[in-house]
Each structure stands twice: as C-alpha cells, then as structure tokens.
Amino acid sequence: MIQVIAKDVMEKFNLKLVSGEEGIGRYITTSDISRPGLEMAGYFTHYPADRVQLLGKTELSFFEMLPEEDKISRMKRLCSDETPAIIISRDLEVPQELIDASNENHVPVFVTNQTTTWFSSRLTNFLESKLAPTTAVHGVLVDVYGIGVLIMGKSGVGKSETALELVKKGHRLVADDSVEIRQEGENMLVGSPPPLLEHLLEIRGIGIIDIMTLFGASAIRPYKRITLIIELETWDPEKFYDRLGLDEEKMKIIDTDVTKLTVPVQPGRNVSVIIEVAAMNYRLKKMGVNAAEEFSRRLDDMLVVNDEMDDY
Amino acid sequence: MIEKQVEVKLKSGLQARQAALFVQEANRFKADVFLQKDTKKVNAKSIMGIMSLAVAKGTVVTLCADGHDEEKAINALQLLIEKAN
C-alpha cells in the first residue's frame, strides 16, 4: 500500500514548515480536504480529523474575532491526534495559539503563498493520484493508434514478440511483462512500467533490449490509460472463439470493467495486425460504427423482406 | 494452490543471472508459479517481473504455485533461492 506522509506534501508544494515539526511523518490516508469553518465557530461534533485541514482568509479572519480563551481551546481541538497536517494559505500569519497547540500535539503546520481554492484543488488531485488503488498484472502494455492495449496471456505465448512487432510498425511500448496499474478516477486505469524496467523488452533468444535506444523516443511512452485487453492463448480447437463480435467480454481490474478480446494464436496468424485492427475497430465502435451490429441489422432486414415475399 | 515463505540466501540476492536461472527453473513446471515480495506479486515465469522486484539477500519472499506439479515447483525453487552461493 502506497502511503503519503505530510512531508511528501510539503516537498511537492514547496510549503514552509511553521511548527509541529515532530509530526512531519504523519500519514495522510484520505484525499478529502477539510476547511474547518464550523470548527472555528466551536462545532466539533463531526470534525473530520483524519483529513488535511486547510485554513484560508475566511476561517482565520473569523478566528481573530474570538475571545482569547476560545482561541486557545479551539486550536487545541483542531490539533487532534489524528490530524495529518494543517495548511495555511495566502501566506497569512499563523496565529500564536495554533503554533502552541501544534507544537504540543506534534501536528505539522505549513504555509503556502497560493490562494485557498486553487491550492485545495491541486492538493486533492495530488492526493487522489497518490492514494489511488494499485495493482500489478503480468502482461505487456502498448499504445496502438492512441488506444492503450494490454496484451495478456500465459508465459511463452508471444506477448513480447507481438509488442516488438507493434513497435516496429510505429506504435509505442509502455511496459513489458509487468504492468503497474492505478485507478486514478472512476473507470480510469493507468498503466506504467516498474521504474527498473522502463523502456526494456525481453525477447527469448536475444535477451533484454532497450526499446528507446533501438527505436528512438517515439517508440515509448511512460504511462498510458488502459482501454482494451487482448488475451492471447494457444489455439484450442475445442474452444469457442467469438466469430461475430456482437457480445463484449469484460474483465475487472480494481473497480473498472475493461473490454477484453480473446485472440487465439496459431502459426500463420499475424497477431500484431490483429491487434492493430482490434484497436481501430474499438475506436470505431466508440464512435458509433459497429460493423457486427450493422451486419446483423442488414441480415434481419433481409429476413423480413423474404418473409413478406413468402406471404404472397 | 500452495504457498511458502522463503528467505533469500543467495549472496547477491536475485541479480540478473540468478533471476534468469530462477525463471528457467520455474518454466520447467506446468503449474502457475508466483513470487511475492511485500504486496507485489509477479509471475515467476517472467524474467522482467522477477527482476522488477529487486529481491536482495535476506528478504523473505512468498512462493505460491497452483497446478498439478505445484509441490515439485515450490521445492525446486526454494532450493534455488536458499542456496548460499
């Protein structure tokens, strides 16, 4: 599980640490951000302590109007044991009560010069991508005509060789053999290679090759959204393979269903061409042109016409 | 499906050559074999996967195998990574 600590946020956004230095290793577990306005007014019943607290002009100017004893007690409650970090925007001055409370409870307090809403959305994006659920699959990820195609299948079926052919045809390699996948949003899976394996491809008989050095920068991509899965398997005469393309098979990765095609491999079947066509056909379908459905509709029309003729 | 925790005793961990040997050994078996380090699980028949784990000496990894020769596969692979040279 990837964890984010307060220090990561500080380094990413160039925040200035004001107090509570000992709490700099606190874990941030949620991408939600809280702006504790009602808490400043004394309402702590539903205080989301596990979120990063963001104080802007509104909260702080209200805070200034409070009597001294309220100021102390509210800042103490704000700096709870769970609070991962408190961030002040617009380079505003940090109230002394907050500095005292945060030093006491070891909650890190940072200052940014950015405006509250702008910073809030950037922080949400950052935390969402960092805290996104991840998994790793055995397969090869290639960008074919802008479609992220994940080629899967048993060891030795020819995934890497197919990827090499695709790269030679001008498509781009993302990851070979081991693809790290993160769900960055609803229905959005992004695959990338483990850092150690970037640009590398393994071909039996040759060994490990560097795609970027061999084919140039246009042959690789650091990450790509996955939209299509192609499973390669050795041709099984007993198995039924899709002949029409009317039904769509789906495969679930994390929480997202991805369209999956099963393509049998056999000597004489050019898999890389099949994958190119599958990717183009998928794009066409997304644009509303479905050859299989169109054909089926034509066939139905013909059957109706024949039926009417028989009635005479 | 069987699982076994094994400590890597190879002097320099699973470096490139050792990883290749390991994968070659794994490919001799019909069973699906996986190697897991922390939360990352990779196919033991894939050299790139194994190398991406960067398994150092002293790491405890989990071997899992699923298939009719799973027992043989696990034993053979365990022998390989527990060797001290």
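Residues numbered from 1 in each chain as written. Chains lettered and ligands numbered in written order. Predicted model: local features only at pLDDT ≥ 70, side-chain atom pairs only at ≥ 80, totals over all residues. Heavy atoms only, no water.

A.B. asks: Teacher, can you tell me more about the UniProt feature "binding site: ATP" (unreviewed entry) in chain A here?
C.D. replies: All names here are of chain A. With numbering aligned to this structure, UniProt lists the feature "binding site: ATP" (unreviewed entry) at Gly153, Lys154, Ser155, Gly156, Val157, Gly158, Lys159 and Ser160. Structurally, lysine 154 is set in the loop between strand E10 (147-153) and helix H7 (159-168). With sequence-adjacent residues up to four places away left out, lysine 159 is seen in contact with His138, Gly139, Val140, Ile151, Met152, Gly153, Lys154 and Leu232. (UniProt positions renumbered as here; feature names shortened; annotations may be inferred. Helix = DSSP H or I, 4+ residues; strand = E, 2+ residues; numbered from the N terminus. Contact = heavy atoms within 4.5 Å.)

A.B. asks: Mind showing me how you'd approach the nonpolar core here?
C.D. replies: Generally speaking, soluble globular proteins have nonpolar side chains that are buried together. Counting residues in hydrophobic clusters, the biggest one holds 30 residues, and the most contacted among them are Leu14, Phe22, Leu35, Ile50, Val55, Leu63 and Ile81 of chain B. Counting only elements with at least two residues in this core, the list comes to helix H1 (16-26), strand E2 (32-37), helix H2 (47-53), strand E4 (60-66) and helix H3 (70-82) of chain B. In terms of residues, this core owes the most to one element, H3 of chain B, which gives 6 residues. Setting aside anything within four residues of it in sequence, one finds isoleucine 81 of chain B in contact with Val6, Glu7, Val8, Lys9, Leu10, Leu14, Phe22, Val61 and Leu63 of chain B. Within the second largest apolar cluster, 28 residues are counted, among which are Val144, Leu173, Ile209 and Val265 of chain A. (Core = buried A, V, L, I, M, F, W, Y, C linked by side-chain atoms within 4.5 Å. Buried < 20%, exposed > 50% of the residue type's maximum accessible area, 1.4 Å probe, protein only.)

A.B. asks: Help me understand the interface of chain A and chain B, please; the structure alone is not making it clear to me.
C.D. replies: When the parts come together, some accessible area is lost, and that loss is often what is quoted as the size of the interface. The interface of chain A with chain B comprises 15 residues on the first partner and 14 residues on the second. Carbon and sulfur atoms make up 64% of the area that chain A and chain B hide from each other, which totals about 1100 Å². Between lysine 40 of chain B and glutamate 180 of chain A there is a salt bridge, with its nearest N and O atoms 3.1 Å apart. Where chain A meets chain B, there are 5 residue pairs in polar contact (both at pLDDT 80 or more). (Buried area = accessible area lost by both parts, 1.4 Å probe. Salt bridge = Lys/Arg side-chain N within 4 Å of Asp/Glu carboxyl O. Polar contact = N/O pair within 3.5 Å; in protein donor to acceptor, adjacent residues only side chain to side chain.)

A.B. asks: When you look at the UniProt feature "domain: HPr kinase/phosphorylase C-terminal" (unreviewed entry) in chain A in this model, what are you seeing that I'm missing?
C.D. replies: The positions UniProt marks with the feature "domain: HPr kinase/phosphorylase C-terminal" (unreviewed entry) are residues 130-298 of chain A. The annotated region residues 130-298 of chain A carries 24% helix and 39% strand content, and the separation between its end C-alpha atoms amounts to 49 Å.

A.B. asks: Explain helix H5 (residues 96-105) of chain A to me, please; I cannot follow it from the model alone.
C.D. replies: Think of an α-helix as turning once every 3.6 residues; residues three or four places apart then point the same way. Residue and element names in this part refer to chain A. Among all positions in H5, only Glu97, Leu98, Ile99, Ala101 and Ser102 are buried. Looking at the packing, one finds that the buried side of H5 touches strand E2 (16-19), strand E5 (52-55), helix H3 (57-64), helix H4 (68-78), strand E6 (86-88) and strand E7 (109-111). One or two steps after H5, the chain reaches histidine 106, where phi turns positive at roughly 55°.

A.B. asks: Would you mind showing me how to read the sheet that holds E2 of chain A here?
C.D. replies: Strand order in the open sheet made by the 5 strands is E2-E7-E6-E5-E4 (chain A), with mixed pairing throughout. In the strand order of this sheet, the two ends are held by E2 and strand E4 (33-34) of chain A, each with one partner. (Pairing = 2+ DSSP bridges.)

A.B. asks: Looking at this structure, I do not really get the confidence of the model for chain B. What am I missing?
C.D. replies: Atomic detail in the predicted coordinates should be set aside for any region of low pLDDT. For chain B, per-residue confidence averages 89 on the pLDDT scale, and residues scoring 70 or more make up 98% of the total. The ipTM for the predicted assembly is 0.81, set against a pTM of 0.78. (pLDDT = per-residue confidence, 0-100.)

A.B. asks: Is there a simple way to explain helix H9 (residues 271-286) of chain A in this structure?
C.D. replies: Residues and elements named next belong to chain A. Compared with an ideal rise of 1.5 Å per residue, which puts 16 residues at 22 Å, H9 spans 22 Å between its outermost C-alpha atoms and is within 8% of the ideal. Burial in H9 covers these residues: Val271, Ser272, Ile275, Glu276, Ala278, Ala279 and Tyr282. In a view along the axis of H9, the buried residues occupy a sector of 160°, so they form one face of it. Among the structural elements, strand E9 (140-144), E10, H7, strand E17 (228-234) and strand E19 (256-265) are those in contact with the buried residues of H9. Downstream of H9 by a residue or two, glycine 288 has a phi angle that is positive, lying close to 100°. (Expected span 1.5 Å × (residues − 1). Arc of directions from axis to C-beta.)

A.B. asks: Teacher, can you tell me more about a nonpolar patch on the surface here?
C.D. replies: All names here are of chain A. A cluster of nonpolar side chains, namely Leu244, Leu246, Phe295, Leu299 and Leu303, defines an oily patch on the protein surface of about 480 Å² accessible area. Take leucine 244: it is sitting in the loop between E17 and strand E18 (249-253). Given a relative accessible area of 55%, leucine 244 falls into the exposed group. (Patch = residues over 30% accessible without salt bridge, like charges linked within 9 Å, V, L, I, M, F, W, Y side chains within 5 Å. Areas by Shrake-Rupley, 256 points an atom, 1.4 Å probe, with all protein chains shown as cover.)

A.B. asks: Please explain the packing of aromatic side chains as it appears in this structure.
C.D. replies: When we look at a pair of aromatic rings, we describe it by the centre distance and by the angle of the planes. For the structure on display, the rule yields 4 aromatic pairs over all chains. Ring plane angle 80° and centroid distance 5.3 Å describe the contact between phenylalanine 44 of chain A and tyrosine 47 of chain A, whose orientation is recorded as edge-to-face. For the pair formed by phenylalanine 44 of chain A and tyrosine 47 of chain A, the shared burial category is buried. Taken together through their ring pairs, the aromatic side chains of Phe13, Phe119 and Phe126 of chain A make up a single cluster. A cation over an aromatic ring shows up here: lysine 41 of chain B above the ring of phenylalanine 34 of chain B, its NZ or CZ 5.3 Å from the ring centre. (Phe/Tyr/Trp six-rings, centres within 6.5 Å; stacked < 30°, edge-to-face > 60°. Lys NZ or Arg CZ within 6 Å of the ring centre and 35° of its normal.)

A.B. asks: Can you walk me through the pattern of salt bridges in this structure?
C.D. replies: Two side chains of opposite charge can pair, provided their charged atoms sit close to one another. Residue and element names in this part refer to chain A. Within the structure shown, the criterion is met by 17 salt bridges over all chains. Two residues, arginine 182 and glutamate 184, come together in a salt bridge whose shortest N-O distance is 3.5 Å. The class for arginine 182 is partly exposed, based on a relative accessible area of 22%. Overall, glutamate 184 belongs to the partly exposed group, its relative accessible area being 34%. In this structure, the salt-bridge partner of lysine 250 is glutamate 248, at a minimum N-O distance of 3.6 Å. By relative accessible area, which is 38% here, glutamate 248 ends up partly exposed. Residues participating in the shared-partner salt-bridge network are Glu294, Arg297, Arg298 and Asp301.

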